[in-house]
Amino acid sequence: MSKTGLMQQSFEHHVSDDLLLDCMRCGFCLPSCPTYLHMGQDETQSPRGRIALMRAVRDGFIEWDSSIERSFDLCLGCRACEPACPAGVQYGTLIEQTREAIQSLKTPGIVEKTARKIAFDHLFVEQKKMGKAVSLVKVYQKSGLQKAVRKIGFLNLFPKHMKSMEAALPPVEKPVATLRKVHTSPLKVAFFTGCLMDTLYKETNGKTIALLEMLGIEVTIPDGQKCCGALHGHSGELARGLKNIEQNIEVFDSDDFDYIVNNAGGCGAFLKEYEKHLSTEKGQRFSQKTIDISSVLIKGGLLDWLQALPKREVKAVVTYQDSCHLRNVNGVITEPRAILNNLPGIVYKELPKADMCCGSAGIYNLLQPELAGEILKTKMYHVKEINPAIIVTANPGCLLQMQAGIHLENLQQNMQAMHIVDLVYSIIKENE
Amino acid sequence: MNERALQQFQNILGKEHVKNSTAQLLAYSYDATANFQRMPEVVLSPESAQQIIEILHVCNTFNIPIIPRGSGTNLAAGTVPYAGGAVLLFNRMNRVIEFDQENLTITVQPGMISEDLCKFVESHGLFYPPDPSSMKISTIGGNVSENSGGLRGLKYGVTKDYVKGLQVVLANGQLLKTGGKLAKDVAGYDLTSLLVGAEGTLGIITEITLKLIPLPTKKMTSVAYFHSLEDAARTVSQIIASKIIPVTLEFLDQKTIVAVEQFMKIGLPTDVEAMLVFEQDGDETIVMKDINEMTRIAKENGAFITQLAKDEIEAEKIKTARRVALSALSKLRPTTILEDATVPRSALAEMVRRINKIAERNNVNIATFGHAGDGNLHPTCLTDVRDHEEMERVEQAFAEIFEAALDLGGTITGEHGIGEMKAPYLEWKVGESGIQLMKGIKAVFDPNNIINPGKIFAKETKKRVMLHV
Ligand SMILES: Cc1cc2nc3c(=O)[nH]c(=O)nc-3n(C[C@H](O)[C@H](O)[C@H](O)COP(=O)(O)OP(=O)(O)OC[C@H]3O[C@@H](n4cnc5c(N)ncnc54)[C@H](O)[C@@H]3O)c2cc1C
Ligand code: SF4
Ligand code: SF4
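Residues numbered from 1 in each chain as written. Chains lettered and ligands numbered in written order. Predicted model: local features only at pLDDT ≥ 70, side-chain atom pairs only at ≥ 80, totals over all residues. Heavy atoms only, no water.

Asker: In this structure, what is going on with the interface of chain A and chain B? I would like to understand it.
Answerer: Taken together, the 29 residues of chain A in the interface contact 37 residues of chain B. Both faces combined, the contact of chain A with chain B buries some 2,500 Å², and carbon together with sulfur accounts for 56% of it. Counting across the chain A and chain B interface gives four salt bridges. A salt bridge links A:Asp18 to B:Arg386; the nearest nitrogen and oxygen atoms lie 3.3 Å apart. Counting every contact that joins chain A to chain B gives 14 residue pairs in polar contact (both at pLDDT 80 or more). Among the secondary structure elements, those contributing two or more residues to the side of chain A that touches chain B are helix H2 (17–21), helix H4 (47–58) and helix H5 (66–74) of chain A. With five residues, the single largest contributor to the side of chain A that touches chain B is H4(A). In the side of chain A that touches chain B, the residues fall into 14 nonpolar, seven polar and eight charged. (Contact = heavy atoms within 4.5 Å. Buried area = accessible area lost by both parts, 1.4 Å probe. Salt bridge = Lys/Arg side-chain N within 4 Å of Asp/Glu carboxyl O. Polar contact = N/O pair within 3.5 Å; in protein donor to acceptor, adjacent residues only side chain to side chain. Helix = DSSP H or I, 4+ residues; strand = E, 2+ residues; numbered from the N terminus. Nonpolar A, V, L, I, M, F, W, Y, C, P; charged D, E, K, R; others polar.)

What follows is the structure, given as structure tokens:
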């Protein structure tokens, strides 16, 4: 069978006809799409265009070729198109299905194969392995043993862009001090540690727990939790990711916690949508209980306590870059801003176009460095407009990307990027 | 596509602005119209009128159809290629050319997004009133070519009331300037008016000069619910008769209200036959007076709940119902076909009744909402393109709806245009002599029929249904 025929079959099998039909081609999603805007308003790189392409491939209306594949490859998966869509098109699901349809027909080259295998069967399955890879990165950082790092294959996915990324990697972590208890919240939560957060940003996880406990929230860290599976899902490897999903649902299924907390926007969105992939009662319960750190801190009483603190002299301008998935999928927009607005000693300034993707988008910045770089440049242009001392994010990918942006623009002397947890923790610690 | 023509396009525009990959051709093979799609042969992005002139020379030499395209949000298949050809984009022509605050005009390139234009002039205390619901994404060139209207049409008019001058590239590659900034100008035929609403069939618009007015200072919004359509319609007539011209007077029928409530859960009463949203702007005292008077008229005519928004947030809430009508309806079935029949406002209730009867008779699902103040209704059919038998019934129902609109002294489109979709019905409205004259005009402007061919004029006219209900 021809490539087109095979692809058509695969699309018929993977991509939902009903979801495609939801799109009424009104184009309302266009102005929210970073790839459309960054590629000269090219309809090929718009949500409406991509949906039309999915439809056309599925219906056998066009011959499959690399230009079509490129359109799907260049989608950030930021899902800014979803809240903009008046018809409620589930674009995120459609692009996941499309990537699976394509991936299932692929015989990847040896490099990509190894990289995918390492990434999806090992690294992003078990925290321990991720830990090892990350410590390798650290060796690399210290000794410049480029070769050793390149060997783990995963980093073959890291092209030029890696240079600025690597400069942005956080230093070796220090143990986290607990905070004085200030509140007696009755909430009980389970903490989803996440793979990147538990390795590269282990310290942030420690601070997350410290903040929750400060409010009197009881924190449990269930054993046997795995990487959330988002990267699998977004790369057309959902089948491999399903194992993670099943196991996570199992280990978090307990009446002992009110919420399952995460501090990584990208993971949080995927966790929130577990029920889509596993529509069991347990799956639904998992999704319903999933919450991000800012929201749970507010539920635990952080704002009241902050508001009662004595006013302090303003030392720094702080801004916030939305994590796309936290904003577009979980709808968490006001909570992080409310926290920042109430922190003593800072002044919060809204970043123009904070809702626009920074170009990180999972491992997109590694796979599509050029466009990711363009998008980052635009982001930094807006950052420079308000010139903050700190750019706050709520997702490891965005954090790395913003750090890379600061390095690219040579602003590291007076600007830094921080996870919201790290900033809140440090300000509270300073004020203790 | 002819290799030599392609080469010449590349010479004029540079390779990167001539697109012809499968993905690119497909992405410009449709617009917002349901059920229309055909592939172009090439997609061109010029940056100046001069380049467009050169493109037209190539098109004439090789007999290549050219299809101007803004954002492709039109609902009449106006930008769907009819028989291949070149889609012409304005994405690189989206600048303000001159903002003249002394003469209260702005001159822009056609690719500027309508909302960006509105925001720009509003930031200077000026007002460009036409506001099609698609303004977030539609281009000003598309608005001019469709003569788009909006929620403020009743008081402020539609696009044509603001277009003062145009620069157009004609089919033979000549540059034409019409009108200008003058408040008064009666030199010769009014070509500006002819080109506004020409749906890209007479020339390529490359510059637009628009009239601006002062920005009103105050706005108030109110809503009223009715148990009978007649009560709502009488309210509309009486408001106008008492010499109030509200900025907005919008209507939702029961089916639409139910759909919106299911979708948004904003607490709309669902046991009502109609809902009116009205808004006035201007000076504070006049706005207050008008809004109170309109509320009184609504009550007098049987409105059982009226509610005045106390602030901008509440006003937004009220307007949400109208704004999300289409999305809410689109949730109910896979395919949504929005139509655009207009009647004199005195015939509003009668028209809605006829639409409902037609839907019932043809066993199709149609909800109606629209601009009550100007009689512009949007009967919206919820269907499934995959069901061919049902689609035939839908087409029959729409033919009957157009017939009913004409029968009541109305028209087959109030703002969306003819395009390809409604071409078979145009003769119903303008008659044979109208069609002949229009075809004659088209032939003078575009003797080789290369600019957006296949639009407005159909191969065949549909037979009129002649149903008397
Ligand atoms: C959800 C939704 C709501 C809508 N609401 C309204 C509404 O309230 N009121 C209303 O009037 N319409 C409405 N429309 C219809 C549509 O948005 C308008 O017709 C709009 O003006 C089209 O603008 P566009 O830039 O998308 O033009 P396109 O759809 O790209 O083109 C429209 C026509 O103009 C021609 N054209 C475009 N640019 C040029 C140019 N520079 N020179 C010559 N010809 C050109 C094209 O060939 C085509 O025939 C709505 C559509 C949608 C999808
Ligand atoms: S997910 Fe983001 S990049 Fe992809 S189509 Fe939607 S808005 Fe554009
Ligand atoms: S906004 Fe939604 S319905 Fe409209 S074109 Fe985009 S995806 Fe389709």
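Asker: Could you clarify how one ought to interpret the site of ligand 3 in this entry?
Answerer: Lining the immediate environment of ligand 3, one finds 13 residues, of which A:Cys23, A:Cys26, A:Gly27, A:Cys29 and A:Cys85 sit closest. Here the shell around ligand 3 is built from residues that sort into 10 nonpolar, one polar and two charged. (Near = heavy atom within 4 Å.)

Asker: Help me understand the site of ligand 2, please; the structure alone is not making it clear to me.
Answerer: Residues and elements named next belong to chain A. Close to ligand 2 lie 13 residues, the nearest being Cys 33, Cys 75, Cys 78, Arg 79 and Cys 81. Looking at the shell around ligand 2, the elements with two or more residues in it are helix H3 (34–38) and H4. Partitioned by chemical class, the residues of the shell around ligand 2 number nine nonpolar, two polar and two charged.

Asker: How do you make sense of the confidence of the model for chain A when you look at a structure like this?
Answerer: Atom-level detail of predicted coordinates should not be read off regions where pLDDT is low. The predicted model of chain A has a mean per-residue pLDDT of 83, with 83% of residues at 70 or higher. Counting contacts from residues 135–163 of chain A, a segment whose pLDDT is below 50, to residues more than four positions away or on other chains yields 42 contacts. (pLDDT = per-residue confidence, 0-100.)

Asker: What should I look at first to understand the pattern of salt bridges in this one?
Answerer: Side chains that carry opposite charge are capable of pairing whenever their charged atoms lie near each other. All names here are of chain B. All chains considered together, the criterion is met by 47 salt bridges over all chains. Of the charged contacts, one joins Lys 310 and Glu 314 as a salt bridge, the two residues approaching to 2.5 Å between their closest N and O atoms. Residue class for Glu 314 comes out buried when judged on its relative accessible area of 17%. (Buried < 20%, exposed > 50% of the residue type's maximum accessible area, 1.4 Å probe, protein only.)

Asker: Sorry if this is basic, but what is going on with the packing of helix H24 (residues 369–386) of chain A against helix H25 (residues 396–408) of chain A here?
Answerer: To characterise two packed helices, one gives the angle between the axes of the helices and the distance between these axes. Residues and elements named next belong to chain A. Viewed as axis vectors pointing N to C, H24 and H25 meet at an angle of 75°, and their least axial separation amounts to 10 Å. Accordingly, the angle class assigned to the pair H24 and H25 is roughly perpendicular. Facing Ala 372, Leu 376, Lys 379, Met 380 and Val 383 of H24, the residues of H25 in contact are Gln 401, Met 402, Ala 404, Gly 405, Ile 406 and Leu 408. For the contact of H24 with H25, a count of residues per class yields eight nonpolar, two polar and one charged. (Axes fitted to C-alpha atoms, helices over the stretch in contact; angles between N-to-C directions. Parallel < 35°, antiparallel > 145°, perpendicular 65-115°, else oblique.)

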